[in-house]
Structures are given as C-alpha cells and as structure tokens.
Amino acid sequence: MTINWIGLWTMIRREIQRLARVPIQAVIAPLISALLFIFIFGFVVGGRIKNFGTYSYLEFVLPGVVMMNIVNAAFLQATSQIYFQRFQKSIEEILVSPLSYVEMIAGTISIVILRSVFTALGIMLIGMAFGAVHMHSLPEFLFWVILVSMIFGFLGIIVALWAKTFEQLNVLVVFFIQPLSMVGGVFNTVAMLPPWLRWMAYGNPFFYFINGLRHAMIGFNEAPTAIGLTLTLTLAAVLGTIVWRLYAIGWGLRE
Amino acid sequence: MTPALEISHLRKVYKSGTVAVEDVSLTIQPGDFFGFLGPNGAGKSTTIHCVTGITNPTSGTIKIFGVDAVADYRNARKLVGLSPQEFNVDPFANARNIVDWMGGYFGMRAAERKRRIDMLIERFDLVQHANKPFRELSGGLKRRVILARAMINDPKLLILDEPTAGVDVELRMDLWRYLQELNRDGTTILLTSHYLEEIERLCRNIAIVNKGRIVRNGPKEEFFTEPGGLERAYLAATGKAAEHAAVAAR
C-alpha cells in the first residue's frame, strides 16, 4: 500500500499554520520559562555551587531544562492538537479522508517531534548566550530528543482521546509529568541524594531521559546505559502500539 | 452494475446505549440522485457517519462502488465527498485553507488543488471571502465553504447532509442547479433534507427512515400515486399522519 505523503505533509503544514497563530503559547512561553530556569538555577544559584568534574553547575543543569521542555512541548502539542480537533469536530476532516491510521498517527507525531526539536534548539541558543552548550554526541542527542518526544506525543494522544473536559487534559501533567521531571535529576546528581532516597531516581523514567540527554551533551552519565535505552525504546514501542490500536478501534474518535 | 452505495443491515448503538440505527439496508445505483428523508433523530446522519468513517458501525456492511467501507476504508474514502450537517472545521482557518487541506488529505497535488479550489471558490461565489476566517462568515457563506470542501476531490459519490439548512433562496436555487449539473455529469448524490420540495425537485429515488429503520423506499413517482404526494407519504411513513390530520381538523 502506498503512503499518502501529500496527506501527511498536509497534516504537518496545517498544524504549523495553527501554531503560527499562537506564537506566545507555542514558542515564546517555553523559551521564557527556560531562560528563567537557566538564569536562576544555573547562573544565580549555580554560581555558588562547586563544579561537577570539569563542568559548571549551569552546564550540568541545561540538559535537564532542555529535557523538561521537550517533555512539555511534546505532551502539550499532542493533547492540544487532538483534543481541540475533537472539540471542534474538525478531526472529522481527517477521519473521512483516505489516510490510514498509521498515517494519521505519523502526521501527529511528526509535528510533536518538530515542535520539540524547535523548542530544544531555542533553549540551546539561550544556553549558548550563557556559554553553557556542549555536544558530546549529536546522534545521541537526536536519539533522546526524538524518542522522548515520541513517548510524550503518544501519551498526549491517549490523554486527548480519553479526555471529556479541558480539566482532564491537565491530570497527567499535574500528577505525573511535573513531579517526576522535577525529581528526575534536573538539578542534582543521584550522589547528592541520601542513599535511602536514591531509589526515587532509579525508579523514575525521567531520570533516564535526563541522564541520556546529559550524556549526549556533556558526557556525564550516572545510570546504566542499557537500562535507559531499553526502558525508552520499550515505552515508545508499547505506547505507539496502544495508540495504533486505539485509532484502529476508533476509541474517542469514531464512537 | 456495481451499486454506488450498498448498505446492508446497518446497526449503530452508541456507547450510551442509544440505538441510533436499528436496521438500515438500501442500495443506490451509480448516477442516481437519492433522497434520504426522516425526522430529526431518525438515523439519517448516523447512517451517513457510518458510510463516511466518522463513526464505526456496530454491525452490518457498507460498500461504496463495491469497496468495503470498513475493511478497505482508504480506497472507499477516495470515492466519497461529504458535506456534513454541522460545521466541523477549524473556525480560525480561512475558507481557502479549509478547502486546500481537505484536498491535501486526499493526496491531491498542489497544482491540481489550486485549480479545483479556484474553480470551487468561483462557483460558490466565495472570491471576496476566501481569505477571511471561517468564524467571521455568515451562515450561508459557511455552508458554501463546507460544500466546496466536499467537492474538492471530485467525488464519485457526493453525500450532502442538509446542505441548504439556513441558506438563502438564491444560494439554494444556485446549489440545486449545480447539483443537477454534477449529477448529469455522472456524480451519484445522496441528499438528506427537511425541505420536501427540494427532494421532490432533485431526487429520482427516495427512502424514508424512522426510528433507525427504512420505512419506505422507492422511485419518486411511487410517492405521488397517492393523494397528498410526498408530504402525505412522509407523514404516513413516519407515523405522524393521524396527528397532523387531527390538528388540521381543529
């Protein structure tokens, strides 16, 4: 079966046009938030914290800030795109078209990745202004940005298909994404935690995402690489399969 | 000849338990102009939603020019254009983009889309309004955009769910002429409407649906063999004839 490339590209350009209508929400807000994190935790507070090996505290914090924003951008993009289309019923335009379920999902996830990469690049530019950007391995960097975007894009789609109200869109952010990302090692190493609390890092998937990106950027690693990779790839595969199945049965779409 | 649309024992039960379509079977031949009548909530729109993929049928089969609308949904959808009853668009997008996106979803190349969009925008008198956000358009103009969107892929089966609801007489007459033109050129049209004169004027075959079942189906002429014509036949088929006769007698 041939791929409907024009249909896929239409999904992407349509969403880009939509995002262009809300530049403050889509572009400016995450950059201002990242700027404040970098300035306060990296520069003001970080200036009083001793270096991590050969790296400053700001250089240590930056990958975590980038990852937090990637997670938020990916999740918000997927939830807002799907939920608003359901709310306006404009999702029916896609449902009546000859796009396969996989193409519908691929179109949504492509935009999620684009927005995340764009957000990451914006924060890296701010980081450069503070002289805090390093790139230990670009392929690794892209791997973590893309895979984590996909995971939170899939999660966002599931939440957007499930939600019946705007309030429900925030449930995962408030009770799961924000707390876990905050304690996932953005601002501290595992070694800084008391031994009895270190399970909180090792049992937290965000720790592996942040650690992976940190290794890609500054070469600092404090988690077994195999666990991080296996966890990330498994999560992406499982969530991707769930989303595909939901589209195939029409859950939240064709009921 | 392969029917343009063949629905067999269609049933749709929503998650809430509401049975929207109990048992609908109907066949529309290629080139037909088919009228689908019924009171509000009878199951017309749900049937259309099942045909076009907006909702999943609970059971039954739907074939569009012989292509199964569930098992081979991609190929089935290439053959259909839908103008829904509700305005299911991004209200902040402009008319040109709304039509263009639909063409893109159907895999139409940019040059082909532009040619079709220019033609449709001209045909529906939208030139002055093509770049205005949808939400700023009047009800009639919105309806024109929805109709243009339904026709972007030059569908073999055009489904129009109450296309003239809320539009002025001029557009209605103009649309009738255009639909007759399309039908003469070979497009099969399925039309639902509450305006009986519209169905009477345009359609060759008519089905009446009530409480999720087809209660009458046949060539238009059959509806005029009885006194009172289509209106009487419609009221009789939907079980409202006695009620209306009583009101008229008062």
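Preceding this paragraph is the structure being described.
About the criteria used
Residues numbered from 1 in each chain as written. Chains lettered and ligands numbered in written order. Predicted model: local features only at pLDDT ≥ 70, side-chain atom pairs only at ≥ 80, totals over all residues. Helix = DSSP H or I, 4+ residues; strand = E, 2+ residues; numbered from the N terminus. Rg over C-alpha atoms; globule rule 2.2 N^0.38 Å. Buried ≥ 20, exposed ≤ 12 C-beta atoms within 10 Å, placed from the backbone. Contact = placed C-beta atoms within 7 Å. Nonpolar A, V, L, I, M, F, W, Y, C, P; charged D, E, K, R; others polar. Expected span 1.5 Å × (residues − 1). Pairing = 2+ DSSP bridges. Axes fitted to C-alpha atoms, helices over the stretch in contact; angles between N-to-C directions. Left-handed = near helix turned anticlockwise from the far one by under 90°. Parallel < 35°, antiparallel > 145°, perpendicular 65-115°, else oblique. Core = buried A, V, L, I, M, F, W, Y, C linked by C-beta atoms within 7 Å.

## Remarks on the overall build of chain A
So, step 1. The secondary structure content of chain A amounts to 11 helices and 0 strands.
So, step 2. From first element to last, N terminus to C terminus, chain A shows the α and β order α-α-α-α-α-α-α-α-α-α-α.
So, step 3. In summary, chain A has a C-alpha radius of gyration of 19 Å against a globular reference of 18 Å for 255 residues, a match within 12%.
So, step 4. Looking at the 255 residues of chain A, the share that counts as buried comes to 44%.
So, step 5. For chain A, the proportion of contacts with a sequence separation of at least 24, taken over those separated by at least 6, is 80%.

## Examining the interface of chain B and chain A
So, step 1. With 27 residues of chain B at the interface, the matching set in chain A holds 22 residues.
So, step 2. At the level of secondary structure, the elements contributing two or more residues to the side of chain B that touches chain A comprise α2 (73-77) and α3 (95-105) of chain B.
So, step 3. Broken down by element, the side of chain B that touches chain A gets its largest block of residues, 5 residues, from α3(B).
So, step 4. When grouped by side-chain class, the residues that make up the side of chain B that touches chain A number 12 nonpolar, 8 polar and 7 charged.

## A word on helix α11 (residues 225-249) of chain A
All names here are of chain A.
So, step 1. Along its 25 residues, α11 runs 36 Å from first to last C-alpha, staying within 8% of the 36 Å computed at 1.5 Å per residue.
So, step 2. Among the residues of α11, those classed as buried are G228, T232, L235, V243 and Y247.
So, step 3. Remark: G250 follows α11 within two positions and exhibits a positive phi of approximately 80°.

## Focus: the pairing of strand β1 (residues 5-13) of chain B
All names here are of chain B.
So, step 1. Where β1 lies against strand β2 (residues 19-28), 6 bridges are found, and the strand directions are antiparallel. Each bridged residue has a counterpart across the sheet, and for I7 the counterpart in β2 is L26.
So, step 2. Count of turn residues in the β1/β2 antiparallel hairpin: 5 residues, of which G17 carries a positive phi of about 100°.
So, step 3. As paired elements, β1 and strand β4 (residues 59-64) share 5 bridges and run antiparallel to each other. Across the sheet, residue R11 finds its bridge partner in β4, namely S59.

## A few points about the packing of helix α1 (residues 5-20) of chain A against helix α5 (residues 101-129) of chain A
All names here are of chain A.
So, step 1. Direction vectors running N to C along α1 and α5 enclose 35°, while the axes themselves pass 9 Å from each other. Of the two elements, α1 crosses α5, and the hand of that crossing is right-handed. Contacts from G7, L8, M11, I12 and E15 in α1 reach E103, A106, G107, S110 and I111 in α5.
So, step 2. Looking at the contact of α1 with α5 residue by residue, the classes come out as 5 nonpolar, 3 polar and 2 charged.

## Some remarks on the pairing of strand β9 (residues 205-210) of chain B
Residue and element names in this part refer to chain B.
So, step 1. Among the 6 residues in β9, 5 count as buried, and that is most of the element.
So, step 2. As judged from the 6 bridges shared by β9 and strand β10 (residues 213-219), these two strands associate in the antiparallel manner. For I208, the partnering residue across the bridge sits in β10 and is R216.
So, step 3. The turn linking β9 back onto β10 is made up of 2 residues, and K211 within it adopts a positive phi angle of 50°.

## Concerning the packing of helix α6 (residues 138-162) of chain A against helix α10 (residues 205-218) of chain A
Angle between the axes and distance between the axes are the two parameters that describe a pair of packed helices.
All names here are of chain A.
So, step 1. The N-to-C vectors of α6 and α10 enclose an angle of 155°; their axes lie 8 Å apart at closest approach. Judged by the angle between their axes, α6 and α10 are roughly antiparallel. Relative to α10, α6 is oriented so that their crossing is left-handed. Judged by residue contacts, E140, F141, W144 and V148 of α6 engage F209, G212, L213, H215, A216 and M217 from α10.
So, step 2. Considering only residue class, the contact of α6 with α10 consists of 7 nonpolar, 2 polar and 1 charged.

## Comments concerning the nonpolar core
So, step 1. Grouped together as the largest cluster of nonpolar side chains are 137 residues, with contacts concentrated most on V65(A) and A148(B).
So, step 2. Of the residues forming this core, the biggest block, 18 residues, is contributed by helix α3 (residues 57-88) of chain A.
So, step 3. When residues no more than four places from it in sequence are discounted, the contact partners of A148(B) are V99(B), L120(B), I121(B), F124(B) and L126(B).

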